[in-house]
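# Structural description and commentary
So you can see what is in the structure, the chains are spelled out below.
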Amino acid sequence: MRAIQITEFGGPEVLTLTELPDPEPGAGELLVEVSRAGVNYADTHQAENSYLAPASLPLVPGMEIAGRTADGRRVVALTSSGGYAEKAVTAEPMAFEIPEGVSDEDALALIVQGATAWVLLRKSVRLEPGESVVVHAAGGGVGTLAVQLAKSFGAGRIIAVAGSEDKRKLALELGADATVDSSAADMTEALVEANGGKRVDTVLDMVGGRVTDESVRALAPFGRLAFYGMASRELPSPIQPSNLMRFSTTVGGMWLPHVWQLPGNVMKQAMDELFAMVAEGSLRPIQGGTYPLSEAREAHEALRSRTTVGKLVLDTRA
């Protein structure tokens, strides 16, 4: 089969198209003939071995796949690696059947980015009706869905932060009430101003660096910030617990794999709700581009440039 393989860690330049033997499923695993593979920021970290889960070489990257099982079921699934290939193996609990009315591309937008947005809002910041919510990277795969979900979940005011006029315009079309330029000199001041002069209740942050520092300072009493990525590749300043107490604020982190440790099959709850919303037209995954498998390097370059909008996917048949 054709696959993208990494034999040394680094940037997009280490992604190489090659031929490999078909993977063999073990007990409790499914072999999926992949039609599309999702691309996300975690893949860029996996390629340079800066992801939360350490990688080993040689490596076929990719953790999101959509395709058909041997018995003909159309599924979207998560893998620890191996997704950038014509065939991949997944554990059965990590696979979800795609319902009618949902495309493979839309399903890939939901399996990580959609579920991340859902968990951030439902479990991490526990958004209450009427509360304000800041969505950083609002033009990205998580951000475009988080804006829409926040609207559906009853947010009082949605503030979308993005780096281009087109992305900010898209966020408004998706339901945001106000926008902020991600290059704002003082993010604290910009967020408070966008919230009508009041500090904000909740923040979804995957940027890091000063953006995180200044977003924490924009929180209202009992405000919550959920940290789920570091696209800037810059560490925020250390959090001082005494300051959290002083301002009655909460800063938490979220890594999607931990959702499987929660009781009640939270991931299935998220996927069922997301699938239903897409099928009925109340949630619109934004497709940012489909690349041939051979152009995985270009997809990573585009994603790391932070100029993309929505979900990027690889066409494993092209």
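Scroll up to find the structure.
All of the points below concern the structure found in this document. (Residues numbered from 1 in each chain as written. Predicted model: local features only at pLDDT ≥ 70, side-chain atom pairs only at ≥ 80, totals over all residues. Heavy atoms only, no water.)

## Quick notes on the overall build of the chain
Where we set the bar: Helix and strand labels come from DSSP, where a helix needs a run of H or I of at least four residues and a strand needs a run of E of at least two; each type is numbered from the N terminus. C-alpha atoms define the radius of gyration in this analysis, and the globule rule sets the expected value at 2.2 Å times the number of residues to the power 0.38. Relative accessible area decides the class of each residue, using a 1.4 Å probe on protein chains only: under 20% of the type maximum gives buried, over 50% gives exposed, and in between gives partly exposed. The criterion used for residue contact is that any of the two residues' heavy atoms lie within 4.5 Å.
For the chain, the count of helices and strands is nine helices and 15 strands. Taking 318 residues into account, the globule formula puts the C-alpha radius of gyration at 20 Å, and the chain, at 19 Å, falls close to it. The principal-axis extent of the C-alpha atoms belonging to the chain is close to 60 × 40 × 35 Å. Per-residue burial for the chain yields a buried fraction of 53% across its 318 residues. Relative to all contacts within the chain whose residues are 6 or more apart in sequence, the contacts with residues 24 or more apart total 67%.

## Concerning the environment of lysine 268
So the rule is basically this: We define a polar contact as two N or O atoms separated by no more than 3.5 Å, with the added condition that, inside protein, one atom must be a possible hydrogen donor and the other a possible acceptor, whereas residues neighbouring each other in sequence contribute only through side-chain atom pairs.
Looking at the element boundaries, lysine 268 is found in helix α8 (residues 266-280). Spatially, the C-alpha atoms of lysine 268 and phenylalanine 96 are 8.1 Å apart, while their sequence positions differ by 172 residues. A distance of 2.7 Å separates a polar atom in the side chain of lysine 268 from a polar atom in the side chain of aspartate 272.

## With respect to the packing of helix α5 (residues 187-194) against helix α6 (residues 209-216)
To keep things clear, this is the line we draw: Where helices are involved, their axes are fitted lines through C-alpha atoms of the stretch in contact, as for all axes, and angles between N-to-C directions lie from 0 to 180°. An angle below 35 degrees is treated as roughly parallel, one above 145 as roughly antiparallel, one from 65 to 115 as roughly perpendicular, and anything else as oblique. Here is the rule for handedness: rotate from the far helix to the near one, and if that takes an anticlockwise turn smaller than a right angle the crossing is left-handed, while a clockwise turn gives right-handed. Gly is placed with the polar residues, together with every amino acid not listed as nonpolar (Ala, Val, Leu, Ile, Met, Phe, Trp, Tyr, Cys and Pro) or charged (Asp, Glu, Lys and Arg).
Two elements in contact, α5 and α6, have axes whose closest approach is 8 Å; the angle formed by their N-to-C orientations is 50°. The angle between the axes of α5 and α6 places the two elements in the oblique class. The chirality of how α5 crosses α6 is right-handed. Residues Met187, Thr188 and Leu191 of α5 lie in contact with α6, whose contacting residues are Arg210, Glu214 and Ser215. When its residues are assigned to classes, the contact of α5 with α6 shows two nonpolar, two polar and two charged.

## Observations concerning the pairing of strand β3 (residues 29-39)
Put simply, the test is: One requirement defines pairing of two strands: DSSP has to find at least two bridges between them.
Judged by how many residues are buried, β3 sits mostly within the fold: eight of eleven residues are covered. Of the pairings in the sheet, the one linking β3 to strand β6 (residues 87-91) comprises five bridges and is antiparallel in character. Bridging across to β6, glutamate 29 finds its partner in alanine 91.

## Quick word on the sheet that holds strand β10 (residues 178-181)
Strand order in the open sheet formed by six strands is β10-β9-β8-β11-β12-β13, and the pairing between neighbours is parallel. Strands with a single pairing partner mark the edges of an open sheet, and in this sheet they are β10 and β13 (250-253). Along the sheet, successive strands turn relative to each other by an average axial angle of 15°, direction set aside. Pairing geometry for strand β12 (residues 219-227) and β13, over four bridges, is parallel.

## Quick notes on the packing of aromatic side chains
The condition that has to hold: Centres within 6.5 Å make a pair out of two Phe, Tyr or Trp rings, where for Trp the six-membered ring is used; the pair is then stacked when the planes are under 30 degrees apart, edge-to-face when over 60, and tilted otherwise. In this scheme, the term charge over a ring applies when either NZ of a lysine or CZ of an arginine sits within 6 Å of the ring centre and within 35 degrees of the ring normal.
One pass over the full model with this rule turns up one aromatic pair. Aromatic pair tyrosine 51 and tryptophan 255: ring centres 5.9 Å apart, planes at 75°, arrangement edge-to-face. With tyrosine 51 in the loop between α1 (41-47) and β4 (64-69) and tryptophan 255 in the loop between β13 and α8, this residue pair connects regions lying 204 residues apart in the sequence. In this structure, arginine 122 is placed above the aromatic ring of phenylalanine 153, and the distance from its NZ or CZ to the ring centre is 3.6 Å.

## Description of helix α3 (residues 141-152)
What counts here: Between the first and last residue of a helix there are one fewer steps than residues, each counted as 1.5 Å, and that sum is the expected span.
Counted at 1.5 Å a residue, the expected span for α3 with its twelve residues is 16 Å, and the 17 Å between its end C-alpha atoms agrees. Counting buried residues in α3 gives ten out of twelve residues, a clear majority hidden from the surface. Gly141, Val142, Gly143, Thr144, Leu145, Ala146, Val147, Gln148, Leu149 and Ala150 are the residues of α3 that are buried. Positive backbone phi, approximately 95°, marks glycine 154, located one or two places after α3.

## Overview of the pattern of salt bridges
Selection rule: Whenever Lys or Arg places a side-chain nitrogen within 4 Å of a carboxyl oxygen from Asp or Glu, that contact is recorded as a salt bridge.
On inspection of all chains with the given rule, the structure shows 16 salt bridges. The residue aspartate 181 makes a salt bridge to arginine 168 at a minimum N-O spacing of 3.6 Å. On the criterion of sequence distance, the pair formed by aspartate 181 in strand β10 and arginine 168 in helix α4 (residues 165-174) is long-range, its members being 13 residues apart. Residue classification places arginine 168 among the buried residues on the basis of a relative accessible area of 17%. Taken together, the shared-partner salt bridges connect Arg36, Glu105 and Asp315 into one network.

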